Amino acid sequence: METSGKVIKCKAAVAWEAGKPLSIEEVEVAPPKAHEVRIKVLATGICRSDDHVLSGCISTVHFPVILGHEAAGVVESVGEGVTDLKPGDKVIPLFVPQCGECTSCQHPRNNLCVKNDLGKHRGLMADGTTRFTCRGQQIHNFLNTSTFTEYTVVEEIAVAKIDDAAPVHKICLIGCGFSTGYGAAVNTAKVEPGSTCAVFGLGGIGLSALIGCKVGGATRIIGIDINKDKFAKAKELGATECISPQDYKKAIPEVLLAMTDGIGVDYAFECIGHVDTMMAALQSCRVGCGTCVVVGVSPAADQISFNPKLIVTGRTLTGSVFGGWKSKDCVPRLVSDYMAKKFNLDGLVTHTLPFDKINEGFELLRTGKSIRSILVF
Ligand code: COD
Ligand code: ZN
Ligand code: ZN
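Residues numbered from 1 in each chain as written. Chains lettered and ligands numbered in written order. Predicted model: local features only at pLDDT ≥ 70, side-chain atom pairs only at ≥ 80, totals over all residues. Heavy atoms only, no water.

Undergrad: Is there a simple way to explain the nonpolar core in this structure?
TA: Most often, soluble globular proteins have nonpolar side chains that are buried together. Counting residues in each nonpolar core, the largest one holds 89 residues, and the members touching the most others are Phe148, Ile174 and Phe269. Sort the elements by how many residues they give to this core and helix α5 (residues 204-216) lands first, with six residues. Each of domain 1 (8-175 + 345-376) and domain 2 (181-320) accounts for three or more of the residues forming this core. If we ignore the near neighbours within four places in the chain, the residues touching phenylalanine 269 are Ala184, Ala185, Ala189, Val191, Cys197, Ala198, Val199, Phe200, Ala209, Cys213 and Val293. (Core = buried A, V, L, I, M, F, W, Y, C linked by side-chain atoms within 4.5 Å. Buried < 20%, exposed > 50% of the residue type's maximum accessible area, 1.4 Å probe, protein only. Helix = DSSP H or I, 4+ residues; strand = E, 2+ residues; numbered from the N terminus. Domains from an automatic or database assignment. Contact = heavy atoms within 4.5 Å.)

Right, dumping it as structure tokens:
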């Protein structure tokens with residue numbers, strides 16, 4: 001049936017309010033307006049940030065909302081003025097867009113396009129409305145993407161066309177978790193051959209940072225997690241050692257110093273989102289040149305205070321969103337690198353579930369049983 005230009009009725013998981021399970025509903029998805037693209041979502045991952053919204057940790061998001069921001073699909077139809085995408089194109093929606101025109105997009109080292117919705121959480125398209133209706137009510141977008149639905153509408157600046165042959169149920173992770181962690185290592189830190197790395201937190205993002213450390217040529221990669229069930233996967237993906245803070249009387253920076261003959265690590269990645277582990281990661285870095293990359297996002301009100309001696313002595317404290325990648329340019333290249341076997345992210349997918357089991361997928365994440373669950377339609 002030709003759907004172009006018409007409202008599509010389809011299945012979506014609506015978050016009506018925080019603290020409640022998602023509700024599978026029939027929603028109406030309006031056709032794309034000018035410079036918008038309607039996408040048939042084929043596979044979507046469940047990321048910890050979706051869970052942060054549901055649990056009420058990110059209180060600025062407007063409900064009701066369709067969450068999800070890590071997906072792959074095909075273009076169903078395009079709005080007026082869209083020239084670089086056509087129906088049938090395989091795509092990844094981009095939670096950090098790339099408009100190509102703003103001061104961030106024009107800067108060679110800045111990937112935070114001003115049109116992102118990360119801090120503000122307007123949850124609306126550029127024209128101030130959304131394309132989703134359910135039970136007569138407008139439903140908000142999430143991070144320019146909203147992928148927990150069979151069809152979504154996104155701005156053209158938030159879509160990357162990718163290789164038609166790419167397996168959607170794996171490369172959907174390039175839409176968030178994989179690129180965020182991997183880019184933290186290869187872009188933000190620029191891990192070099194022979195270096196020693198420490199990855200704090202071995203969830204989907206930490207393991208992706210670990211893959212980046214390996215691709216960068218690190219010879220020692222130390223994984224740190226309170227859940228030892230994460231160690232086997234971390235070792236499979238390239239960790240040379242794994243430690244749990246609970247096994248030591250000493251604090252982790254001291255343990256890492258002892259493990260490295262008093263030197264510390266060249267690169268430390270914080271992939272948990274706690275200020276105390278951010279401090280521990282910085283303190284674990286080598287004097288004179290160590291770099292700590294913060295990837296996890298801590299609760300909005302949290303602050304860090306530390307002795308400036310830690311950085312005046314040559315350590316660097318930095319961070320990145322979406323691994324520093326300029327999204328529309330780099331996502332197609334990341335998919336090509338996956339196809340060329342430059343890295344393998346398949347091990348991050350621990351569960352593949354039918355879309356209707358989305359709440360089960362969230363439960364697997366909350367109980368630490370999954371790395372990434374992929375929902376398929
Ligand atoms: N010490 C060691 N490990 C810990 C500790 C601790 N104190 N606390 C928790 N952990 C471990 C957990 O056991 C778990 O294995 C891991 O840390 C965290 O993994 P997940 O699976 O919960 O989460 P991820 O990997 O999907 O994401 C983690 C982030 C913190 C990076 C994520 O929640 C986040 O903050 N994302 C925001 C970053 C971003 O760019 N967001 C944009 C869209 S996502
Ligand atoms: Zn995410
Ligand atoms: Zn821009």
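Undergrad: Explanation requested: the sheet that holds strand β7 (residues 137-139) in the structure shown.
TA: Working definition: the strands of a sheet are paired by backbone hydrogen bonds and lie parallel or antiparallel to each other. Taking strand neighbours across the sheet as the criterion, the four strands line up as β1-β2-β6-β7 in an open arrangement whose pairing is antiparallel. Both edges of this open sheet fall to β1 (8-14) and β7, since each of them pairs with a single strand only. Neighbour-to-neighbour, the strand axes of the sheet open up by a mean angle of 45°, direction not taken into account. Taken together, the two bridges between strand β2 (residues 23-29) and strand β6 (residues 132-134) define a ladder with antiparallel strand orientation. Paired with valine 29 across the strands is phenylalanine 132, a residue of β6. (Pairing = 2+ DSSP bridges. Axes fitted to C-alpha atoms, helices over the stretch in contact; angles between N-to-C directions.)

Undergrad: It is not clear to me how the domain arrangement of the protein chain should be interpreted in this structure. Could you clarify?
TA: One widely used convention gives an interface's size as the accessible area the parts lose upon coming together. The domain boundaries assigned to the protein chain delineate domain 1 (8-175 + 345-376) and domain 2 (181-320). Look at where the C-alpha atoms of domain 1 and domain 2 centre, and you get two points 29 Å apart. The interface is formed by eight residues belonging to domain 1 together with 11 residues belonging to domain 2. Both sides of the domain 1 and domain 2 interface together cover about 670 Å² of buried area, and 65% of this is carbon and sulfur. For the domain 1 face of the interface with domain 2, the top three residues by lost area are Gly347, Leu348 and Ile371, together amounting to 59%. In this assembly, domain 1 and domain 2 are joined by zero salt bridges. The tally of links from domain 1 across to domain 2 stands at one residue pair in polar contact (both at pLDDT 80 or more). When grouped by side-chain class, the residues that make up the side of domain 1 that touches domain 2 number three nonpolar, four polar and one charged. (Buried area = accessible area lost by both parts, 1.4 Å probe. Salt bridge = Lys/Arg side-chain N within 4 Å of Asp/Glu carboxyl O. Polar contact = N/O pair within 3.5 Å; in protein donor to acceptor, adjacent residues only side chain to side chain. Nonpolar A, V, L, I, M, F, W, Y, C, P; charged D, E, K, R; others polar.)

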